[in-house]
Amino acid sequence: MTKAVTLLGTGLMGAGMARSLLRAGLAVTVWNRSADKARPLADDGATVAADPVAAVAGADVVVTMLFDAESVEAVMSEAIGSLKPGAVWVQCATVGLDGVEALASLAAKHNVPFVDAPVLGTRQPAEEGKLIVLVGGDPALRPAIDPVLDAIGARTLWVGPRIGDGHRLKLAANSWVLSLTAGTAQALALTRNQGLDPQLFLDLISGGGLDNPYAQLKGRAMIAGEFPASFSLDGAVKDAGLIAAALRAAGADDRLMTALRQQYGAAAEAGHGSSDMAAVYTAHGEAQ
């Protein structure tokens, strides 16, 4: 029975996931490269480890929620030899298809059961345990990891038995999220730069077939110029690159996603990288 869980990476998403695990009654150990992001979780009942090796010792399940494939691989290469026999590695970060394959190979080399389980959602759903978990991997591992997935998510979708199946659907979902946010920014900027109140656009689509709660949420943030991060702009740039690569690998046209990556990148380079992805609005300049 899964009782002890280690979570590596307590940033924007990981901290909320750790609290959800604690609310479910699991024994949680956390580690983060920047220790100041992990220490507050001690007040919630987590054990804060000094290093990844100490963090994973004794865990039934190890969850990775670091920024990208390189950071996950670096940390787990250090820690994986300290996992106890039978411990399952649940990889929740968005790392791309090549990244998933590299991490699965690392797990196989050390005979560690591995599940590809990226999550759909932002900071608030992570805090509330209401993420959607997209799983690719051996269904036989389900009893070992269900207590973890049930704690962090409102819904778990077993996408397929192949490692990477979870990521395949996650990248498709994020392609829609990135397109919707950038499209909202463009429509608001066009409204504004033509001398109209940008709120008129949100009012126009409200309640109709074109309306979308996410567009309304991000649109209000854009108009207010307030961008507390739920999904960082740096993360959007990273994910857009992973999606473009997946499109190319699948024989699909990547030009739209490549253009979106450039748009998000322009806003990040202007100093908004740690802000919410809604800050892509700033790439459209000021009102004329």
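Before reading further, recall that the structure is shown in the block above.
As the structure is a prediction and not an experimental result, all values here were calculated from the model.

The rules behind these values
Residue positions are given per chain, counting from 1 as you read along its sequence in written order. Residues qualify for local features only when their pLDDT is at least 70, as the model is predicted, and side-chain atom pairs are given and counted only at 80 or more; totals for whole chains, interfaces and linings, by contrast, use all residues. Note: side-chain values were computed over all heavy atoms of the structure, leaving out hydrogens and water. The helix and strand labels rest on DSSP assignments: H or I over at least four residues marks a helix, E over at least two residues marks a strand, and numbering proceeds from the N terminus. A radius of gyration in this sense is built from C-alpha atoms; the matching globule rule multiplies 2.2 Å by the number of residues raised to 0.38. Accessibility here uses a 1.4 Å probe with only protein chains present; expressed as a share of the type maximum, an area under 20% marks a residue as buried, one over 50% as exposed, and anything in between as partly exposed. Here, residues are in contact when the closest pair of their heavy atoms is within 4.5 Å. When charges are counted, neither His nor the chain ends are considered; positive counts come from Lys and Arg and negative counts from Asp and Glu. Think of each charge as sitting on NZ of Lys, CZ of Arg, CG of Asp or CD of Glu. A fitted line through C-alpha atoms serves as each axis, taken over the contacting stretch for helices, and the angle formed by two N-to-C directions is quoted from 0 to 180°. Orientation is classified from the angle alone, with under 35 degrees giving roughly parallel, over 145 giving roughly antiparallel, 65 to 115 giving roughly perpendicular, and any other angle giving oblique. Under the scheme applied, nonpolar residues are Ala, Val, Leu, Ile, Met, Phe, Trp, Tyr, Cys and Pro; charged residues are Asp, Glu, Lys and Arg; polar residues are all the others, including Gly. Residue types Ala, Val, Leu, Ile, Met, Phe, Trp, Tyr and Cys, when buried and joined through side-chain atoms within 4.5 Å, form a set referred to as a nonpolar core. Working rule for helices: expected span equals 1.5 Å times residues minus one.

Chemist: Describe the overall build of the protein chain, with residues and values.
Modeler: The helix and strand inventory of the protein chain stands at 11 helices and nine strands. Its C-alpha atoms give the protein chain a radius of gyration of 20 Å, within 12% of the compact-globule value 19 Å for 288 residues. Principal-axis analysis of the C-alpha atoms gives the protein chain an extent of 65 × 45 × 35 Å. Going through the 288 residues of the protein chain one by one, you find that 50% of them count as buried. Nonlocal contacts in the protein chain, meaning residues at least 24 apart in sequence, comprise 66% of its contacts between residues at least 6 apart. Averaged over its 22 positive side-chain charges, the protein chain has a centre that lies 3 Å from the centre of its 29 negative ones.

Chemist: Residue-level account of the environment of L97, with values.
Modeler: By secondary structure assignment, the location of L97 is in helix α4 (residues 96–109). When its relative accessible area of 25% is taken as the criterion, L97 is described as partly exposed. Through-space distance from the C-alpha of L97 to that of V148 is 23 Å; in sequence the pair is 51 residues apart. If near-sequence neighbours (up to four positions away) are discounted, L97 is found in contact with G164, H167, R168, L171 and A246.

Chemist: Break down the packing of helix α3 (residues 69–79) against α4 for me, citing the residues and quoting the values.
Modeler: Contact geometry of α3 with α4 gives a least axis separation of 10 Å together with a crossing angle of 5°. Between α3 and α4, the crossing angle belongs to the class labelled roughly parallel. Contact residues: A69, V72, E73, M76 and S77 in α3; G99, L103 and L106 in α4. Residue composition of the contact of α3 with α4, grouped by class: five nonpolar, two polar and one charged.

Chemist: An account of the nonpolar core is requested, with residue identities and associated values reported.
Modeler: Core analysis: the largest hydrophobic core is formed by 33 residues, its most contacted members being M17, L21, V63, V90 and C92. Counting only elements with at least two residues in this core, the list comes to β1 (4–8), α1 (14–23), β2 (27–31), β4 (61–64), β5 (88–91), β8 (131–136) and α6 (142–152). Counting residues per element, this core draws most heavily on α6, at five residues. Excluding anything up to four places from it in sequence, C92 contacts M17, V63, T64, M65, A117, P118, V119 and I152. A182, M222, A267 and A278 belong to the second-largest nonpolar core, a separate cluster that totals 28 residues.

Chemist: Please set out helix α7 (residues 165–193) residue by residue, giving values where relevant.
Modeler: Helix length check: α7, at 29 residues, gives a terminal C-alpha distance of 42 Å against a target of 42 Å (1.5 Å per residue), a fit within 8%. Of the residues flanking the end of α7, it is G195, one or two places downstream, whose phi is positive at about 90°.

Chemist: Break down the side chain of R192 for me, with residues and values.
Modeler: Take R192: it is sitting in helix α7. Looking at R192, the relative accessible area reads 14%, which means it is buried.

Chemist: Go over the environment of Y281 with me, naming the residues and quoting the values.
Modeler: Considering the arrangement of structural elements, one finds Y281 in the segment after α11 (255–272). Taking relative accessible area as the criterion, Y281 reaches 6% and is therefore assigned buried. Sequence-wise, Y281 and G164 are 117 residues apart; in three dimensions their C-alpha atoms are separated by 32 Å. Sequence-distant contacts of Y281, defined by excluding residues within four places in its chain, comprise A185, L188, A189, R192, P198 and M222.

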